[in-house]
Amino acid sequence: MTRPRLVATDLDGTLVRSDGTVSDYTADVLAKVEALGVPVVFVTGRPLRWAEDVFEHVGEHGLAIISNGALVWDVARSRVHLERPIPSGLAMEVCRDLRAAVPGTAYAVEDLDGIGLEPHFMERYPMPDGARRAPVEDLLARPPLKLLVRHEELAPQDFWDRAEEVNAGRLTFTWSSSTTLLEVSGPGVTKATTLELLARDLGVEAQDVIAFGDMPNDLPMLTWAGTAYAMADAHPTVTAAASHVAPGHDEDGVARVLAGVFGL
């Protein structure tokens, strides 16, 4: 393997440990990789409000890909570098079609102002102060970065299959949760397509990227990158797609691989 010129890593289940922290060892390895002039880019499904928890580890280049590729955030300047939102009209069209086909479907949206949820959308985590509760028609008054689609009765795979049939390729569906929750992005917006745009700006080719992930929303990125690592406890589809397997996220798997690759 030639030395990578860019590191792209997912956060939850990949870089971040089960207790929500980044170990001192991992933070040290990331800093050393950055010191070699190799950018470390966080590529996460997290919305901005959650990704900020680990921004101190992004490094001097200061860019992170958020919400499955819908946002590139300039960490150093605390401002938007690139937005790829979902067109409101198209989002509303798919939401109506899906709810008609699968009654009980509930929606939430993420944007730069935070999260907005339908009254019957049951969130699994504490909501921030100021979280909006409104019908989806009101939540989609402006283009969201990410649409969340939940069902409380169907199994994840069953809901995925039915939702994808209704969607018919209009929006990008993926998931990174163990519950029946779909994450929806705009047409063609994935971790991979946004990472490709960022890498192009940095003069880096796909073959020079090493990427790490654990869930289906990481698949486009892992199949695009020249070197791809699935975590030891990754979703089976990710393990099948990746060319290598890293130790688990609670064993500092990303850092251990990078230490070996870069001779740290």
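What counts, and at which threshold
Residues numbered from 1 in each chain as written. Predicted model: local features only at pLDDT ≥ 70, side-chain atom pairs only at ≥ 80, totals over all residues. Heavy atoms only, no water. Helix = DSSP H or I, 4+ residues; strand = E, 2+ residues; numbered from the N terminus. Buried < 20%, exposed > 50% of the residue type's maximum accessible area, 1.4 Å probe, protein only. Contact = heavy atoms within 4.5 Å. Areas by Shrake-Rupley, 256 points an atom, 1.4 Å probe, with all protein chains shown as cover. Lys, Arg positive; Asp, Glu negative; His and termini not counted. Charge placed at Lys NZ, Arg CZ, Asp CG, Glu CD. Phe/Tyr/Trp six-rings, centres within 6.5 Å; stacked < 30°, edge-to-face > 60°. Pairing = 2+ DSSP bridges. Axes fitted to C-alpha atoms, helices over the stretch in contact; angles between N-to-C directions. Polar contact = N/O pair within 3.5 Å; in protein donor to acceptor, adjacent residues only side chain to side chain.

By the naming in an unreviewed UniProt entry, the protein chain is Cof-type HAD-IIB family hydrolase, taken from Nocardioides abyssi.

**A look at the overall build of the protein chain**
On a plain count of helices and strands, the protein chain comes out with nine helices and 14 strands. For the protein chain, the C-alpha atoms occupy an extent of roughly 55 × 40 × 35 Å along the three principal directions. Residues counted as buried form 55% of the 264 residues belonging to the protein chain. Summarising the internal contacts of the protein chain: among those between residues at least 6 apart in sequence, 56% fall at separations of at least 24. A total accessible area of about 11200 Å² is found for the protein chain, and carbon and sulfur atoms account for 50% of it. In the protein chain, 22 side chains carry a positive charge and 39 a negative one; their mean positions are 3 Å apart.

**Points about the packing of aromatic side chains**
Scanning the model with the defined rule gives one aromatic pair in all. A centroid spacing of 5.3 Å and a plane angle of 20° characterise the contact between Phe-212 and Tyr-229, whose relative ring orientation is stacked. Of this pair, Phe-212 sits in strand S12 (residues 209-213) while Tyr-229 is found in strand S13 (residues 227-231), placing the two residues 17 residues apart along the sequence. With a relative accessible area of 0%, Phe-212 lands in the buried category.

**Topic: the sheet that holds strand S4 (residues 71-74)**
Read across the sheet, eight strands follow the order S5-S4-S3-S2-S1-S12-S13-S14 without closing on themselves; strand pairing throughout is mixed. The outermost strands of the open sheet, each flanked by one partner alone, are strand S5 (79-83) and strand S14 (244-246). Averaged over all pairs of adjacent strands, the angle between their axes in this sheet comes to 25°, without regard to strand direction. Where S13 lies against S14, three bridges are found, and the strand directions are parallel. By the bridge assignment for S14, Met-231 is matched with Ala-246. Strand contacts of helix H6 (residues 191-201): strand S1 (6-9), strand S2 (40-43), strand S3 (63-66), S4, S5 and S12, with the helix running at about 160° to S3, the strand carrying the most contacts.

**Let's talk about the side chain of Glu-110**
Note on placement: Glu-110 falls in strand S6 (residues 106-111). At a separation of 2.6 Å, a polar atom in the side chain of Glu-110 contacts the side chain of Arg-49. Beyond its immediate sequence surroundings of up to four residues, Glu-110 is in contact with Pro-47, Arg-49, Ile-115, Pro-144, Leu-145, Lys-146 and Leu-148.

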